[in-house]
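Report on the structure
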Amino acid sequence: MPSAPLPLSGRSLRTTDSPISYFIQKAFETPGLISFAAGLVDEPSLPAAEVGAAVAALMADPATARAALQYGTTRGYTPLREKVLDLVCRADGVAPGDVGLSVDDVILTTGSQQLLYLLGEALFDPGDIVITEAPSYFVYHSLLVSQGARVLTVPMDDGGMDLDALEALLDQLARTGEIARVKLIYTVDYYQNPTGLTLAEARRPQLVELARRHSTRHRILILEDAAYRELRYSGDDITSIKRFDEGNEFVVYTSTFSKPCAPGLRTGYTLMPRDLVGPVLNLKGNHDFGSAALGQHVLDQLMSTGTYHRHAEKVRGVYREKCGLTLRALEQEFADFPGVKWTVPAGGLYVWLTFPPHVDTGPGGSLVPAALAAGVLYVPGEFGHVPDETGWVPRNEVRICFAVADPAQIPEGIRRLRQACRGLERSTARGKMTAGV
Ligand SMILES: Cc1ncc(COP(=O)(O)O)c(C=O)c1O
C-alpha cells in the first residue's frame, strides 16, 4: 500500500529544482562537451596553495586555531568585517562615516546567496512585489517564487536597468495603490549575470532618488548585488549605488569572495541600513548561528598578507583573456550571421547573445539539441526572464559563461555553436524546425 503523502509546506511546493540542472547533468554525462553553461569559476586558478598556507598558519598557533574552529558570532568575524568595510569604501573613494556606515552595518554570510534568501525572509509577505531587471539572475527569480513574492520586471539597455521604464512602473503602481506592496528593487549592477551589462554611473544616484521618492508608505529598498564587482577587466571601477545612499537608508549592498577568490570558502558579505541589521541577524541566527568561522579566518589571513589582492589581480587576468577569446571567436564565427548581436562586457563571466526572433534558443527549441549534437552547451536566455501575463518570454537569447572552459576550448566551443546554427538554418529552410529537449 502506498504511504500517505508528505505534508509539505506551500513554500516547499513552490520551490523547484534549478532550471539549469538538466544542462549541468548533460555536461557531466557527455564526454568532450564544451560547456558554456555552468556558472562555476576557473578551476586552475583556484588558490589551493594560498589557502593551504593560510590554514597552516592559523593552525600553527593554538589561539588562532581555536578561534577558527570554534563557533563564531552571527554577524561574523570582526577583523574581516572591518576589512570588508574598508574594501567597499576604498573602492568608492569614501570614508565609512561619509556614507553613514560603520562595522556594525556589515554582516558576513554563507555566500552572498544566503543574503538574498535572508533579506526575502525579513521583508516579504506573500504577494509583495519585487522589481528586477529583465533578464536577471534566474536563481534569484526562483527564490522569489519560493518566498511567494510577485516579480515585476523592467527592461535593460546598454546602460543597464532602464530607469525611465522603472519610473513609469513605479508611477503606475502608485496610481493603482499597489505601491504599498513594493518592497524591493533588485539589480546586479556590475557585469550582470546573465547579460554582462553594467548600470551606468549616471543612473546610480538616480536609482536611489527614485526609491526615495516612491517611499511614501514605507521604504522601498534597493538590493545592489555586486557579486562581480571585483572582476573588472577594463576601464575604471564604477561607484556603487550604495555610495549615493548617504544616510544608509535605502541600499542593501551585497558581494562575495566566491568570484575573486574561491566559492568553496562560502563567504559573502552585506552592508545594510542599520535598522535592518537586527531582523536579518535574528533570521540568520535561526539558520546557522553565523557562517563557517574557518572560511572567514582564512579570508582574513589572505587579506592581511596581501595574498587576496594579488590573487584577485591574477584572476582578473585569467578572465580578461577568456572574455577576449570569446569575443574574438564570436566576431570570427558569427560575422556572416544576419541579425545576431552580443554584449561586450567590461568584466564578469558572461556574454549575452541575441538572435533574430525566429531562432528558438529555449529548452523546447531546436538550437539546444543542435548544440548538444555539435558538442557545446549554453544556458537558454529564457531562464532569465519572468513570463508576462500571457506567458510569453523571449526565446531568442543565449547566455555564454566563459569562466570554466579551458582557453584552448573557447574558440572551438563558439565554432560548434555556429555549426549548430548552420544546421538549424538548413532545417529551417526545409521547413523542419524540430522540437528539442
Ligand atoms: C548575481 C549573483 N548573485 C549572487 C550569487 C551567489 O554567489 P555566492 O553565494 O557564491 O556568493 C551568484 C552566483 O553565481 C550570482 O551570479
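Residues numbered from 1 in each chain as written. Predicted model: local features only at pLDDT ≥ 70, side-chain atom pairs only at ≥ 80, totals over all residues. Heavy atoms only, no water.

1. A word on the packing of aromatic side chains
Under the definition given, this model contains 10 aromatic pairs. For the ring pair Phe257 and Tyr269, a centre distance of 5.2 Å and an interplane angle of 55° mean the geometry is tilted. Here Tyr269 lies in strand 9 (residues 268–271) and Phe257 lies in the loop between strand 8 (251–256) and strand 9, a separation of 12 residues in the sequence. You'll find Phe257 and Tyr269 in the same group, each marked buried. For the ring pair Phe337 and Phe355, a centre distance of 5.5 Å and an interplane angle of 75° mean the geometry is edge-to-face. (Phe/Tyr/Trp six-rings, centres within 6.5 Å; stacked < 30°, edge-to-face > 60°. Helix = DSSP H or I, 4+ residues; strand = E, 2+ residues; numbered from the N terminus. Buried < 20%, exposed > 50% of the residue type's maximum accessible area, 1.4 Å probe, protein only.)

2. As for the site of the ligand
Taken together, 13 residues lie around the ligand, and Ser112, Asp225, Tyr228, Thr256 and Ser258 are the ones closest in. Within the contact set of the ligand, an oxygen atom lies 2.5 Å away from a side-chain nitrogen or oxygen of Tyr228. Here Arg266 contributes a side-chain N or O atom positioned 2.8 Å from an oxygen atom of the ligand. In isolation the ligand exposes 400 Å². Once the protein is present, 92% of that is buried. Counted by class, the shell around the ligand contains 4 nonpolar, 6 polar and 3 charged residues. (Near = heavy atom within 4 Å. Polar contact = N/O pair within 3.5 Å; in protein donor to acceptor, adjacent residues only side chain to side chain. Areas by Shrake-Rupley, 256 points an atom, 1.4 Å probe, with all protein chains shown as cover. Nonpolar A, V, L, I, M, F, W, Y, C, P; charged D, E, K, R; others polar.)

3. Details of the confidence of the model for the protein
Chain-level pLDDT for the protein is 94 on average; 97% of the residues reach the 70-or-more range. Scored below 50 in pLDDT, residues 431–437 shows 18 contacts in the model against residues more than four places distant or in partner chains. (pLDDT = per-residue confidence, 0-100. Contact = heavy atoms within 4.5 Å.)

4. Considering helix 11 (residues 293–304)
At 3.6 residues per turn, the α-helix brings residues three or four places apart onto the same side. Here helix 11 is 12 residues long and its end C-alpha atoms lie 16 Å apart, about the 16 Å a rise of 1.5 Å per residue gives. With respect to burial, helix 11 is a largely interior element, 9 of its 12 residues being buried. All of the buried residues along helix 11 are Ala293, Gly295, Gln296, His297, Val298, Leu299, Asp300, Leu302 and Met303. Gly306 lies just past helix 11 and shows a positive phi near 85°. (Expected span 1.5 Å × (residues − 1).)

5. So, the domain arrangement of the protein
Looking at the protein, the domain boundaries give domain 1 (10–46 + 310–426) and domain 2 (70–306). Between the C-alpha centres of domain 1 and domain 2 the distance comes to 26 Å. Across the boundary between the two partners, domain 1 contributes 33 residues, which contact 35 residues of domain 2. If you sort the residues of domain 1 by the area they bury against domain 2, Arg11, Ala346 and Tyr350 come out on top, with a joint share of 19%. One can count 1 salt bridge joining domain 1 with domain 2. Residue Arg11 is joined to Glu121 by a salt bridge in which the shortest nitrogen-to-oxygen separation is 2.4 Å. Between the two partners, domain 1 and domain 2, sit 17 residue pairs in polar contact (both at pLDDT 80 or more). When residues of the side of domain 1 that touches domain 2 are traced back to their parent elements, those giving at least two are helix 1 (10–14), helix 12 (307–334) and strand 11 (350–354). Looking at which element gives the most residues to the side of domain 1 that touches domain 2, the answer is helix 12, with 8 residues. Looking at the side of domain 1 that touches domain 2 residue by residue, the class counts come to 18 nonpolar, 9 polar and 6 charged. (Domains from an automatic or database assignment. Buried area = accessible area lost by both parts, 1.4 Å probe. Salt bridge = Lys/Arg side-chain N within 4 Å of Asp/Glu carboxyl O.)

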